[in-house]
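Each chain is listed here by its residues.
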Amino acid sequence: MSMVHGYAAYCYYDYTRSNMVLNYYLVPGNYYDRYLLRYNPHIDKCCSVGNHEIDNICIKGKGDIENIKQKGKKTVGIFIGFAAIYFPEWQRHPRQPLYDEALAKRVFVKDWMPFFEWAGRQGDILFVFKGKGGIKQYEHRYLKEALSKIPKENYYQNDDILMSNVISACDCLISSGNSSALFSSLCMGVPAICYDTFMKGYVAVEEYSDYLVARSPDELISKIRYLLENGLLDNVYESVLNDHYAEGRFDGKTSLRIKELITEVLQDSHMHSINGGL
């Protein structure tokens, strides 16, 4: 038995995993039938259990959630991993970074500075920047320079608040790729945009609505404005939830489903042992 991490791992064709031999593969939702199951023939059974990354069963968040909501302001959350794309010295393979230092800065400025400059002019929006704990990407000089474009009273940066707490306080979310933040937001009924600046490829949410993916700064800003004013149709949230969280019920009980499944597997194994012994 094993578990897929987050959403991206089951939204792509991935032939490198096609020889996995598993009796049970725990996945977020029913979307595994699109790609994962077809290209991994040695998995006996995929089990839709939900996404542990947004459940608040065993984890208590740090940070002050009260700073997120401000009276009279819309709230936009930003869940972007800048380091893996734009910071050569922080990348996993420092001998072969994606860009050299000069090019990385130019690409970052092209992809993101129009957004930060626009954000700096929005007095009625609070921007919440959350990165992954431990990385501290907002201490990087690129992001310090970008954040300086926004008045301090109009943004809040904290890596330690729980993802689900930020999403629940937001009117719109910006994420990247087939990320857990993106799908989790839609499963929780909050509009979200994938800002796909790097891969410019397949993003699974694109099939649900034209407003869920942006590939340029102008398109990102335009779609943020649209979603803040209009939101999304209910059937978009319903379709994403049916495909990507357990059996279409968002209840935060991923760990309980896993526990029940393990109990069932152990009981079946025990009965097989007894019958085999007889």
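What this report covers is the structure whose coordinates are included nearby. (Residues numbered from 1 in each chain as written. Predicted model: local features only at pLDDT ≥ 70, side-chain atom pairs only at ≥ 80, totals over all residues. Heavy atoms only, no water.)

Here we come to the overall build of the protein chain. What the protein chain contains, in helices and strands, is 8 helices and 9 strands. Taking all contacts inside the protein chain whose residues are at least 6 apart in sequence as the whole, residues at least 24 apart take part in 62%. By element, 51% of the accessible surface of the protein chain is carried by carbon and sulfur atoms, the whole surface being about 14400 Å². (Helix = DSSP H or I, 4+ residues; strand = E, 2+ residues; numbered from the N terminus. Contact = heavy atoms within 4.5 Å. Areas by Shrake-Rupley, 256 points an atom, 1.4 Å probe, with all protein chains shown as cover.)

On to the sheet that holds strand β4 (residues 74–78). Read across the sheet, 6 strands follow the order β6-β5-β4-β7-β8-β9 without closing on themselves; strand pairing throughout is parallel. At either end of the open sheet lies a strand with only one pairing partner, and these are β6 (155–157) and β9 (213–214). Relative to β6, strand β5 (residues 125–129) runs parallel, the two sharing 3 bridges. The residue bridging F127 from the neighbouring strand is Y155, located in β6. Together, β4, β5, β7 (172–175) and β8 (192–195) form the strand contacts of helix α2 (residues 101–119), whose direction differs from that of β5 by roughly 140 degrees. Contacts from helix α6 (residues 217–230) reach β4, β5, β7, β8 and β9, with the element oriented near 175 degrees to β8. (Pairing = 2+ DSSP bridges. Axes fitted to C-alpha atoms, helices over the stretch in contact; angles between N-to-C directions.)

If you trace the 3 strands from one edge of the open sheet to the other, you get β1-β2-β3, paired in parallel fashion. Unpaired on one side and paired on the other, β1 (2–3) and β3 (43–48) mark the two borders of the sheet. Bridge analysis of strand β2 (residues 22–27) against β3 gives 5 bridges, and the strand direction is parallel. Bridge pairing links Y25 to C46 in β3.

Relative orientation of the contacting elements helix α5 (residues 180–187) and helix α7 (residues 234–244) amounts to 120 degrees, with a least axis distance of 8 Å. With respect to α7, the element α5 is oriented oblique. For the pair α5 and α7, the crossing hand works out as left-handed. Residue-level contacts link F183, L186 and C187 of α5 to Y237, V240, L241 and H244 of α7. Its residues assigned to classes, the contact of α5 with α7 comprises 6 nonpolar, 1 polar and no charged. (Parallel < 35°, antiparallel > 145°, perpendicular 65-115°, else oblique. Left-handed = near helix turned anticlockwise from the far one by under 90°. Nonpolar A, V, L, I, M, F, W, Y, C, P; charged D, E, K, R; others polar.)

Looking now at the pattern of salt bridges. Considering all chains together, one arrives at 9 salt bridges under this definition. Here R215 makes a salt bridge to E206, at a shortest N to O gap of 3.0 Å. Linking R257 and D251 is a salt bridge whose minimum nitrogen-to-oxygen distance equals 2.6 Å. Residues joined in a network through salt bridges with shared partners are R34, E207 and D243. (Salt bridge = Lys/Arg side-chain N within 4 Å of Asp/Glu carboxyl O.)

For the rest of this paragraph, the subject is the nonpolar core. Formed by 85 residues in total, the largest nonpolar core has its most connected members in W112, F115, F116, F127, F129 and I174. Considering each element in turn, this core owes the most residues, 9 residues, to α2. With residues near it in sequence (within four places) discarded, F116 still touches F129, L143, A146, L147, K149 and I150. Core analysis: the next-biggest nonpolar cluster, separate from the first, contains 5 residues, L26, C47, V49 and I258 among them. (Core = buried A, V, L, I, M, F, W, Y, C linked by side-chain atoms within 4.5 Å. Buried < 20%, exposed > 50% of the residue type's maximum accessible area, 1.4 Å probe, protein only.)

A few words now on α7. Burial in α7 covers these residues: V236, Y237, V240, L241, D243 and H244. In this structure, the buried side of α7 is in contact with α5. Note on α7: the residue one or two positions beyond its end, A246, has a positive phi of about 50 degrees.

A separate point is a nonpolar patch on the surface. Residues M1, I262 and L266 make up a contiguous nonpolar surface patch of about 280 Å² in total accessible area. Relative to the assigned elements, L266 resides in helix α8 (residues 254–277). Owing to a relative accessible area of 56%, L266 belongs among the exposed residues under this scheme. (Patch = residues over 30% accessible without salt bridge, like charges linked within 9 Å, V, L, I, M, F, W, Y side chains within 5 Å.)

So, about unusual backbone geometry. With a phi angle near 55 degrees, K136 is a residue other than glycine that sits in the positive phi range. Looking at where K136 falls in the secondary structure, it is placed in the loop between β5 and α3 (141–147). According to the relative accessible area criterion, K136 is partly exposed, its value standing at 37%. Of note in this structure, A246 is not a glycine but carries a positive phi near 50 degrees. Assignment of secondary structure puts A246 in the loop between α7 and α8.

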